[in-house]
Every structure is written in C-alpha cells, then in structure tokens.
Amino acid sequence: NMAAASSNSVLFVCLGNICRSPIAEAVFRKMATDMGVADKWRIDSAATSTYEIGNAPDDRGQACMRRHGVAMSHTARQVTKDDFVTFEYILCSRQRSRRSDLKKKAKSVKNCNAKIELLGLYDPQKQLIIKDPYYGSDKDFETVYEQCVRCCKAFLEENS
Ligand SMILES: N#Cc1ccccc1-c1cc(NCCCN2CCCCC2)c2ccccc2n1
C-alpha cells in the first residue's frame, strides 16, 4: 500500500537570515528528524533584507548551536516571490513594520498560498517577539535558541 505522501513546508524568516531564522530552521529540522518525520517536511529559512546574502550564520549563533549539539548549515538568501507560492507556512520573528515588510511583499504576489505568521505565536510562554540579537550578547543568542525550541516544538506537534 502507498504510504500517505503527506508533505508539509515551512520557511523561517528574519531580517538578515544569519541569526534567528537559521537557528529556527536548524532546531525545527532536528526536532522533525528526532520525531522521524523529517522526510515529510521541506524546511528552509530566508531574509527580508539583502544585508547578508551569501553569508554563513553568525558566529555567535553557530557557537550557541554547537553548545546544544544542533547541526546548522545555511547560506543566507532573500525571500522570493516564489516562496509565497510554494511554502505552506512562512514563520517570521517579528512583524517588521518598516521597509522589508513581508505582508507588503506578499500582496505583490498573485497566488500567495503561504500562511504568514509570527513564530512567537506558538510559544507556550507567550514571548511573541524573537528579538534581533545582532547587536546583542551570547546570552541574547541563548534566548533566541530557547524561544525557537519552544515555538518549533509546539508548531511541529500541531502540524504532525
Ligand atoms: N538594520 C538594522 C538593525 C536594527 C536594530 C537591530 C539590529 C539591526 C540589524 C542590523 C544588521 N546589520 C547592520 C546594518 C546593515 N546595513 C543597514 C543599511 C543597509 C546596508 C546594511 C543586521 C545584519 C544581519 C542580521 C540582523 C541585523 N540586524
């Protein structure tokens, strides 16, 4: 019998795609793998800005993920119009009100299928915003990591 080919897709987005969204992507991928459902998921991350296109994740984030034993490997890219069509979920770190607003971009896409939501919406501890740690400390990256763990766990459980 044919196994159900149920497939899901999630794109994590933040400003530069070198701090928050690659951590969220890597945490989610590990959880899906540990749950044995990674082959059902298309998982990726992207930036709203062009600031860091082509760059590896921030060194402080890489150090944080190594401490937690979570593999992370990503090259920053900017979100594309196609992402709004092909991803089921686009989960962002905060509703950027200025220039690179995802909702504005989504409006310019004819058949936007993606549900665009705040990743923080899934946090049992209700920390809605995952703050940009770019000008922060290792502790701020730790906070980003803990928030991503809580949110990704809840999101995966809700969509499994
Ligand atoms: N912007 C802002 C901002 C505001 C508040 C807190 C953090 C940031 C901030 C700043 C960054 N790069 C420095 C400015 C980049 N240049 C800005 C003008 C155009 C040419 C590029 C980041 C880079 C990667 C990931 C997150 C970042 N986040």
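Below is a short write-up of the structure. All values reported here derive from a predicted model rather than from experimental measurement.

**Comments concerning the overall build of the protein chain**
- Check the secondary structure of the protein chain and you find five helices and four strands.
- Put simply, the protein chain runs from its N terminus to its C terminus through helices and strands in the order β-α-β-α-α-β-α-β-α.
- Taken over C-alpha atoms, the radius of gyration comes to 15 Å for the protein chain, in line with the 15 Å a tight globule of 160 residues would show.
- For the protein chain, the C-alpha atoms occupy an extent of roughly 50 × 35 × 30 Å along the three principal directions.
- Counting over 160 residues, the protein chain shows a buried share of 49%.
- Within the protein chain, counting contacts between residues at least 6 apart in sequence, those at least 24 apart form 78% of the total.
- In the structure as shown, the protein chain presents an accessible area of about 8,400 Å², 52% of it carried by carbon and sulfur atoms.

**Some remarks on the pairing of strand β2 (residues 41-47)**
- Taken across its seven residues, β2 has six buried, putting it largely inside the fold.
- Handedness of the crossover is the feature at issue here: the chain leaves strand β1 (residues 8-14), passes through helix α1 (residues 20-34), returns alongside β2, and the resulting connection is right-handed.

**Some words on the packing of aromatic side chains**
- Using the criterion set out here, one finds seven aromatic pairs in the structure.
- Aromatic pair F12 and F28: ring centres 5.7 Å apart, planes at 55°, arrangement tilted. Residue F12 is found in strand β1, and its partner F28 is found in helix α1; the two are separated by 16 residues along the sequence.
- By relative accessible area, F28 is classed as buried at 0%.
- Here F28 and W41 contribute two aromatic rings whose centre-to-centre distance is 4.9 Å and whose plane-to-plane angle is 75°, an arrangement assigned as edge-to-face. Of this pair, F28 sits in helix α1 while W41 is found in strand β2, placing the two residues 13 residues apart along the sequence.

**Points about the site of the ligand**
- Neighbouring the ligand are nine residues; Y51, E52, D132, Y134 and Y135 lie closest to it.
- In this structure, D132 approaches the ligand through a side-chain N or O atom, which is 2.7 Å from a nitrogen atom.
- Its residues assigned to classes, the shell around the ligand shows five nonpolar, one polar and three charged.

**Examining the nonpolar core**
- Of all hydrophobic cores here, the largest spans 32 residues; its most connected members are V10, F12, I23, F28 and W41.
- Breaking this core down by element, the ones donating at least two residues are β1, α1, β2, α2 (59-67), β3 (89-92) and α5 (138-158).
- Those residues in contact with F12 that lie beyond four places of it in its chain are S21, A24, E25, F28, I43, D44, S45, A46, L91, L119 and C152.
- The next biggest cluster of nonpolar side chains, apart from the first, holds 13 residues, and it includes V13, F84, F87 and I116.

**Structural notes on the environment of S21**
- With respect to the helices and strands, S21 occurs in helix α1.
- Each C-alpha atom of the pair S21 and V70 lies 14 Å from the other, and the pair is 49 residues apart in sequence.
- Not counting chain neighbours up to four residues away, the residues in contact with S21 comprise F12, V13, C14, S45 and A46.

**Thoughts on the pairing of β1**
- Counting buried residues in β1 gives seven out of seven residues, a clear majority hidden from the surface.
- Of the two faces of β1, the one lined by N8, V10, F12 and C14 and the one lined by S9, L11 and V13 are each fully buried.
- With seven bridges connecting them, β1 and β2 associate as parallel partners. By the bridge assignment, C14 is partnered in β2 with A47.
- Note that β1 and β3 share four bridges and pair parallel. When the bridges of β3 are listed, V10 appears paired with Y89.

Each value, and the rule that gives it
Residues numbered from 1 in each chain as written. Predicted model: local features only at pLDDT ≥ 70, side-chain atom pairs only at ≥ 80, totals over all residues. Heavy atoms only, no water. Helix = DSSP H or I, 4+ residues; strand = E, 2+ residues; numbered from the N terminus. Rg over C-alpha atoms; globule rule 2.2 N^0.38 Å. Buried < 20%, exposed > 50% of the residue type's maximum accessible area, 1.4 Å probe, protein only. Contact = heavy atoms within 4.5 Å. Areas by Shrake-Rupley, 256 points an atom, 1.4 Å probe, with all protein chains shown as cover. Right-handed = clockwise from strand over helix to strand, strands pointing away. Phe/Tyr/Trp six-rings, centres within 6.5 Å; stacked < 30°, edge-to-face > 60°. Near = heavy atom within 4 Å. Polar contact = N/O pair within 3.5 Å; in protein donor to acceptor, adjacent residues only side chain to side chain. Nonpolar A, V, L, I, M, F, W, Y, C, P; charged D, E, K, R; others polar. Core = buried A, V, L, I, M, F, W, Y, C linked by side-chain atoms within 4.5 Å. Pairing = 2+ DSSP bridges.

Function cannot be inferred from these measures alone, as they are strictly geometric.
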